[in-house]
Amino acid sequence: MSIKTVATTAFDDQKPGTSGLRKRTPDFLRPHYVENFIQSTFDSLEGFAGKTLVVGGDGRYGNRQAIQTIVKMAAANGFGKVLVGQGGWLSTPAASCVIRKYGAFGGFVLSASHNPGGPNADFGIKYNIGNGGPAPEKVTEAIYAHSKTITEYKITDAADIDLDRCGNSQIGNTVVEVIDPVNDYAELMKQLFDFEAIRALFKSGFRMRFDAMHAITGPYAKVIIEQQLGAPVGTVINGIPSEDFNNGHPDPNLTYAEELVAEMFSANAPDFGAASDGDGDRNMILGNNFFVTPSDSLALIAANAKCAPGYQNITGIARSMPTSAASDRVAAALGLECFETPTGWKFFGNLMDADRVTLCGEESFGTGSNHVREKDGLWAVLFWLNILAARKESVEAIVREHWAKYGRNFYSRHDYEGVDSAGANTLMSDLEAKMPALIGTALNGMTIAYADNFSYTDPIDGSVSTKQGLRIGFEDGSRIVFRLSGTGTQGATLRLYVERFEADSAQHVQDTQAALANLIQTADDVAGIKRHTGRTEPTVIT
Ligand code: VG1
Ligand code: CO
């Protein structure tokens, strides 16, 4: 085995977005593309000599090849050990768990999350730091800076490792250990939730369907839900990860999780339904003929946290800015601190490390806690199962009771996917330009209280993140928010977030889109969505 230094030329497009570097697969397959990004990451870090690196991914097309490259580069760059998930598999939360448990220096997660996979779909690489969470902006900015000037990278000429057999091998001085991808994660879940109560729930005839969407959560869900918690075999569907997610779109929402949604909204629906995304960090929660909005799910988990043994003392709650304020009401009632951060899990890490928050959530089907430093799909499902086992009421009854107590934040997100970038950018810049003049004026009968581009100062390290989304807030507490996605790979994706609070429980039966109709119309009036995107309707409504 020898270490080679390979000459390379820089790419100008390796800027990590909301969640790592995400591109079309053919872009990643360009010669030296992966190597450049990995070396740029190593060059941005200090003090990893002899330390441990964790590597795994969601099993999509390109996963195994990228892992072989990363292992050889980690050895050449002086890591002491590389921990790799068997088969190249580690869900995003499991990678976070493994980094923390073994005190690793950091890790790479290979995934484009909820984006489709395959030779003509998407791929991604995300670097996580030693706390198990996504690299903060100062690290991703350093990686990007290095990627623009890189001239060479280091790699060993060792043979490929056997990804499919657990155990140790050696590349030079570096130990490569292939580990079971599920064990450590399953062990952690057992410490947080009342497995006995959930087992009793399944014994009593409770019916559940979990749709793994042909993605990474299948192996985890089968072990935990079917084998350990005793749900009948077949509870987990689409449970074998495939390189292209069976030619599907592994995004757990009402549009893409069709099979699950059809069953959960049928006459013979199970009591509880859930799905997770490509890399296992998202979750969708459904009851019998009932959808739980992710923002509400965070609020409900917080309000019912005491049902779960691991959550007897929660310190605070954080949510991303576009997420509804439902969880703020719970925080206020429980006397807890609450925080509003920019979109993306990397902004929660400091708050969790400082023990200021225990629970975090995003409207985009992301919920999690300080057990790891990533959002965690299966964790949220187990939390719900624990709540259902403790309360012995239906999902719908629990949610309706919550609304009656705290009021209901009607909430919806409209995505305009793959629109023309120029049009989307003009929409945003035109809207931002006219914002100062909007304050104090009325739109469709609602007076504007504030209009700005959200900026965040991290309360722990003082770092400032600007331009995190355009917000227009009305005097009655309603708001509309506009953002451009930082995870898309084609054109631009415009996200419109709409929220209105309703205290009167007689009004809670309303259909969400109807309850928000005036705000949705106002969003188009003020921003010219149809005019700028050329679309008459959103691609996805959640
Ligand atoms: C989206 C979501 C955001 C989430 C991010 C990564 O980002 O809106 O809330 O953290 O995806 O999730 P954006 O920039 O496209 O709006 V995942 O499961 O794709 O890693
Ligand atoms: Co994901």
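Residues numbered from 1 in each chain as written. Chains lettered and ligands numbered in written order. Predicted model: local features only at pLDDT ≥ 70, side-chain atom pairs only at ≥ 80, totals over all residues. Heavy atoms only, no water.

Asks: Can you lay out the sheet that holds strand β18 (residues 366-369) for me, pointing to particular residues and giving the numbers?
Replies: As summarised here, the arrangement of the four strands in space is β16-β15-β17-β18, forming an open sheet in which the pairing is mixed. Looking at strand neighbours, the two that pair on one side only are β16 (337-341) and β18, the edges of this open sheet. Averaged over neighbouring strand pairs, the angle between their axes works out to 15 degrees when direction is ignored. Two strands pair when backbone bridges link them, and strand β17 (residues 359-362) and β18 are joined in this way by four bridges, in the antiparallel orientation. When the sheet's bridge partners are listed, Glu362 is paired in β18 with Gly366. On the sheet, helix α10 (residues 294-303) packs against β15 (316-320), β17 and β18 and is oriented at approximately 170 degrees with respect to β17. Across the sheet, helix α11 (residues 326-334) lies against β15 and β16, angled at about 165 degrees from β15, the strand it touches most. (Pairing = 2+ DSSP bridges. Helix = DSSP H or I, 4+ residues; strand = E, 2+ residues; numbered from the N terminus. Axes fitted to C-alpha atoms, helices over the stretch in contact; angles between N-to-C directions. Contact = heavy atoms within 4.5 Å.)

Asks: Outline the site of ligand 1, listing residues and values.
Replies: The full set close to ligand 1 counts 20 residues, and Thr18, Ser113, Ser364, Thr487 and Arg495 are the nearest of them. One of the side-chain nitrogen or oxygen atoms of Thr487 is found 2.5 Å away from an oxygen atom of ligand 1. Among the detected pockets, ligand 1 sits in the largest cavity. Partitioned by chemical class, the residues of the shell around ligand 1 number no nonpolar, 10 polar and 10 charged. (Near = heavy atom within 4 Å. Polar contact = N/O pair within 3.5 Å; in protein donor to acceptor, adjacent residues only side chain to side chain. 1 Å grid on protein atoms, 1.4 Å probe; cavity = no way out; pocket = protein on both sides within 12 Å on 5 of 7 lines; lining within 4 Å. Sits in = over half its atoms within 2 Å of the grid points. Nonpolar A, V, L, I, M, F, W, Y, C, P; charged D, E, K, R; others polar.)

Asks: Please provide a residue-by-residue account of the layout of surface pockets, values included.
Replies: The computed volume of the largest pocket comes to approximately 670 Å³. Along the wall of the largest pocket there are 23 residues; nearest its centre are Thr18, Glu137, Lys467, Gln468 and Gly486. Only α5 (137-147), α15 (421-438) and β25 (479-484) provide two or more residues apiece to the lining of the largest pocket. Along the lines of polarity and charge, the residues of the lining of the largest pocket split into five nonpolar, 11 polar and seven charged. (Points joined across faces, edges and corners; volume = space filled by probe spheres on them.)

Asks: Let's hear about the sheet that holds strand β21 (residues 446-453): which residues, and what values?
Replies: Sheet architecture is open: seven strands sit in the order β20-β21-β24-β25-β26-β19-β27, paired in antiparallel fashion. Two strands lie at the open edges of the sheet, namely β20 (442-443) and β27 (540-541), each paired on one side alone. Sheet topology places β20 next to β21; two bridges connect them, and they run antiparallel. Looking at β21, one finds that Leu443 is bridged to Met446.

Asks: So what's going on with the coordination of the cobalt ion (ligand 2)? Residues and values would help.
Replies: Protein-derived ligands of the cobalt ion (ligand 2) are Ser113 (OG), Asp277 (OD), Asp279 (OD) and Asp281 (OD), with the metal-ligand distances lying across 2.0 to 2.1 Å. All donors to the cobalt ion (ligand 2) come from one chain, and their sequence spacing reads S-x163-D-x1-D-x1-D. Highlighted residues: Ser113 in the loop between β5 (106-110) and β6 (122-129) and Asp279 in the loop between β12 (272-276) and β13 (283-287), separated in sequence by 166 residues. Asp279 carries the same exposure label as Ser113, and that label is buried. (Donors = N, O, S within 2.8 Å, 3.2 Å for Na, K, Ca; no water. Buried < 20%, exposed > 50% of the residue type's maximum accessible area, 1.4 Å probe, protein only.)

Asks: Let's hear about the packing of aromatic side chains: which residues, and what values?
Replies: In this description, an aromatic ring pair is defined by two values, namely the gap between the centres and the angle between the planes. Evaluation of the coordinates by the stated rule reveals 23 aromatic pairs. Between the aromatic rings of Phe193 and Phe383, the centroid separation amounts to 5.3 Å while the plane-to-plane angle is 65 degrees, which identifies the pairing as edge-to-face. Here the residue Phe193 occupies a position in the loop between α6 (183-192) and α7 (195-203), and Phe383 occupies one in helix α13 (residues 377-391), the gap between them amounting to 190 residues. Grouping residues by exposure puts Phe193 and Phe383 together as buried. Ring plane angle 85 degrees and centroid distance 6.2 Å describe the contact between Phe347 and Tyr456, whose orientation is recorded as edge-to-face. Pair noted here: Phe347 is in the loop between β16 and α12 (349-353) and Tyr456 is in strand β22 (residues 456-457), with a separation of 109 residues, a long-range link. Judged by relative accessible area, Phe347 falls into the buried class, the value being 7%. Note on Tyr456: relative accessible area 6%, which makes it buried. Within the aromatic cluster, the residues linked to one another by ring pairs are Phe42, Phe48, Phe79, Phe105, Phe108 and Tyr127. (Phe/Tyr/Trp six-rings, centres within 6.5 Å; stacked < 30°, edge-to-face > 60°.)

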